[in-house]
Amino acid sequence: MTIPTTRSGAQGEHHQDGPAGAPGIEVRGVSRRLGRTLALDEVELSFPRDAVSGLLGRNGAGKTTLMSLIAGHDRPDAGEVRVLGHRPFENAAVLPRICLIRDNQRYPDDFRLKHVLRVVPAFHERWDAQLAERIVDALRIPSRTPIAKFSRGQLSSVAILIGLAARAPVTIFDEPYLGLDATARRIFYDLLLADISEHPRTVLVSTHLIDEMEPLLEHVVVLDHGRVLLNTNVEAARGRALTVNGTASAVEDAVRGRRVLRSQSLGGLRSVTVEASADDVALTARRDVEISPVSLQDLVAAYGAAGAEPEPALLEGASR
Amino acid sequence: MTALAVTRLHLARRGTMLVTPLGLIAVAGAITILISVIVLRATGGAPGPDYDPRWNQAMAWTLPGFLVYLSVAAVATTFPLGMSLGSTRRSFVAGTQLAQLALAAYITAVMTLLLLAELATGHWFAGIHAFDVYTLGAGNPLVFAAIVFLGTLTLFSMGSLFGSAYVRYRALGPLCLSVGLGLLLALIALAIGPSLGPLFASFQLWWLAVAAGIVIVLAQAGTYALLRRAAVR
């Protein structure tokens, strides 16, 4: 399921936020070094306005660093980030319209649910108290326990509560599913889908549960080693690779000259994921191999595996 | 106004902010009463000329630890949440200062009322000195209020400074700040050492107020300077 790109109520709210049709978030040539690690390396990408985008990639790919820069929690060493047309760092014109609750978000000692419900509306004028109440009930967030003593899943629930009920024009979820059971995750996806349909906004979600969240996503960015491997809409991403199965020799012949993302062998059989589209007749017309589409999850896993290689891998001569 | 939202964020925990100081004052008061009763009973109600209950410092030392904890935590744990909710660093510092001013005024008002009650009741009908003590102005309500207010703000400001040093540079920040401030104080002591005698001889209480004002301004400026470019981790 793909959410419609244009929704009622989406137009006219952002006249002060750059030209109509401009991306919600733009990242231009951004680099950020954290200690000895180059967390982001000349990243160039954009996230569409009023759409749900997925930020994908392996641990350490640079996702959290990128989200920090977008939320104005940090500054790039080089390049520029623009959110709704504004640079976010120390910018009162845009920061109150961004909400990022981190996966390791810290709360004041003794902070409880009632404090969240009392304080967050002061920061976000679009806060919906009724929606907040529904989320508290649906996710069963404890009211008496200090947040510092919450389980991992309960902390995620608080992040979801703030992220959804704040209705910030730019909402960023940092692995919002951590510790949540399957029911709670389903509730989150349903709430998100229902609320952004009524109140469109730019949503950015970092996730490893790609299969689960794919129906919500319209746009995906895949990062690896601080570089952008993929930056496209979900449909285009799905059609970006194919898996070729068959005997080792037939597969090797079929994918010769193409970029191999992942390769597996079992006896004389081989399964290779390559960058290729469904209209690549030279490949899809072959009868000696079986061609199958690649899910977004498999594509990201394949990119992650390929990104681990020092050079773009071509199968010719390769025997992984 | 995000600064006011930050102030609300700090003051949201009313129990910690408003009730805990009262509890600490009550505990200090109870200990003072207990010790006074023990002394009076032990001496048959006539403690002797060396006993001066105005040297009781319990009330002066009961709150500082808590106040410093509050202000360190206000930056170290509340700053990341404030940033996550969309505050600028400037608004966070301004909102934090407002909250600290409000709390200092609250603590000053409560303690001054208790001093007035102590004076009005002839020291709680038993010669017990909890608030009317030398270190807190020797029973002068104006001096008492000034000491409590400026003292509270000074502690808050220093706590914020150390909290922001931690946010900016982690454990290394407060360590370097402590060493730096220690060296600075040592240098100042060395510089004015030969004049210490005459300085003490001509000491005026308002000097302390000016010194507190300078410390507050410098510490708050330092807090902003440290947080201005601090990344949220």
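All residue numbers refer to position in the chain's written sequence, counted from 1. To label them, take the chains in the order written and letter them from A, then take the ligands in the order written and number them from 1. It should be noted that, the model being predicted, local features are given only for residues of pLDDT at least 70 and side-chain atom pairs only at 80 or more, the latter also being counted only at that level, while totals for whole chains, interfaces and linings use all residues. To get the side-chain values, take all heavy atoms of the structure and skip hydrogens and water.

Our next topic: the pattern of salt bridges. Residue and element names in this part refer to chain A. For salt bridges, the criterion is a side-chain nitrogen of Lys or Arg within 4 Å of an Asp or Glu carboxyl oxygen. Scanning the model with the defined rule gives 23 salt bridges over all chains in all. Ionic pairing is found between Asp 77 and Arg 32, a salt bridge with its closest N-O pair at 3.1 Å. Within this pair, whereas Asp 77 is found in the loop between α1 (63-70) and β4 (78-83), its partner Arg 32 is found in strand β1 (residues 25-34), the two being separated by 45 residues in sequence. Of the residues examined, Asp 77 reaches a relative accessible area of 49% and is grouped as partly exposed. Arg 32 gets classed as buried once you look at its relative accessible area, which sits at 12%. Each helix is a run of DSSP H or I of at least 4 residues and each strand a run of E of at least 2, with the numbering of both proceeding from the N terminus. Under the scheme applied here, a residue whose accessible area is under 20% of the maximum for its type counts as buried, over 50% as exposed, and between as partly exposed, the area being computed with a 1.4 Å probe on protein chains only.

Residue and element names in this part refer to chain A. Confidence of the prediction at every residue is given by pLDDT, a number between 0 and 100. Put simply, chain A has an average pLDDT of 88, and 89% of its residues get 70 or more. The contact definition used throughout considers only heavy atoms, calling two residues in contact when any of these lie within 4.5 Å. In the predicted structure, residues 1-15 sits below a pLDDT of 50 and forms 26 contacts with residues beyond four places in sequence or in another chain. Between residues 309-320, whose pLDDT stays under 50, and residues either more than four places distant or in other chains, the model counts 23 contacts.

Below, the discussion takes up the packing of aromatic side chains. Ring pairs are drawn from Phe, Tyr and Trp, using the six-membered ring of Trp, whenever the two centres fall within 6.5 Å, and their geometry is named by plane angle: stacked under 30 degrees, edge-to-face over 60, tilted for the rest. Evaluation of the coordinates by the stated rule reveals eight aromatic pairs over all chains. Centroid distance Phe 66 of chain B to Tyr 69 of chain B: 6.2 Å. Interplanar angle 40°. Geometry classified as tilted. Separated by three residues within a single helix, Phe 66 of chain B and Tyr 69 of chain B lie in helix α4 (residues 64-76), roughly one turn from each other. In textbook terms, an aromatic cluster arises when at least three aromatic residues are bridged by ring pairs, as seen for Phe 173, Phe 188 and Tyr 189 of chain A. Here, over-ring charges are defined by two tests on the NZ atom of lysine or the CZ atom of arginine: distance to the ring centre within 6 Å, and angle to the ring normal within 35 degrees. Sitting over the ring of Phe 89 of chain A, Arg 75 of chain A keeps its end group 5.1 Å from the ring centre.

Let's shift gears to the interface of chain B and chain A. Contact with chain B, which involves 32 residues of that partner, is made by 32 residues of chain A. A simple way to read buried area is as the amount of 1.4 Å-probe accessible surface that goes missing from two parts once joined, with both sides added. Summed over both sides, the interface between chain B and chain A buries roughly 2800 Å², with carbon and sulfur atoms accounting for 54% of that surface. There are two salt bridges connecting chain B and chain A. When the shortest N-O distance is used, the salt bridge between Asp 74 of chain A and Arg 233 of chain B registers 3.5 Å.

We now examine the packing of helix α2 (residues 113-123) of chain A against helix α4 (residues 152-166) of chain A. Residue and element names in this part refer to chain A. Between α2 and α4, the least distance of the axes is 11 Å, while the angle of their chain directions is 20°. Classed by the angle they form, the pair α2 and α4 counts as roughly parallel. Two packed elements cross with a definite hand, and for α2 against α4 that hand is right-handed. Contacts between α2 and α4 involve Leu 113, Val 116, Leu 117 and Val 120 from the first element and Val 158, Leu 161 and Ile 162 from the second. Residue classes follow a fixed rule: Ala, Val, Leu, Ile, Met, Phe, Trp, Tyr, Cys and Pro count as nonpolar, while Asp, Glu, Lys and Arg count as charged, and any other residue, Gly among them, counts as polar. Counted by class, the contact of α2 with α4 contains seven nonpolar, no polar and no charged residues. As a rule, the C-alpha atoms of each element are fitted with a line to give its axis, helices using only the stretch in contact, and angles between N-to-C directions run from 0 to 180 degrees. Throughout this description, any angle smaller than 35 degrees is read as roughly parallel, any larger than 145 degrees as roughly antiparallel, any in the 65 to 115 degree range as roughly perpendicular, and the remainder as oblique. By the definition used in this description, the sense in which the near helix is turned from the far one sets the handedness, with an anticlockwise turn below a right angle giving left-handed and a clockwise turn giving right-handed.

On to the environment of Arg 256 of chain A. Residues and elements named next belong to chain A. Relative to the elements of secondary structure, Arg 256 occurs in the loop between α8 (248-254) and β11 (260-266). Looking at Arg 256, the relative accessible area reads 39%, which means it is partly exposed. The spatial distance from the C-alpha of Arg 256 to the C-alpha of Val 274 is 9.8 Å, given a sequence separation of 18 residues. There is a polar contact of 3.1 Å between the side chain of Arg 256 and the side chain of Asp 253. Polar contact criterion, stated in full: a pair of N or O atoms within 3.5 Å, where within protein one must be able to donate a hydrogen and the other to accept it, and residues adjacent in sequence count only if both atoms are side-chain atoms.

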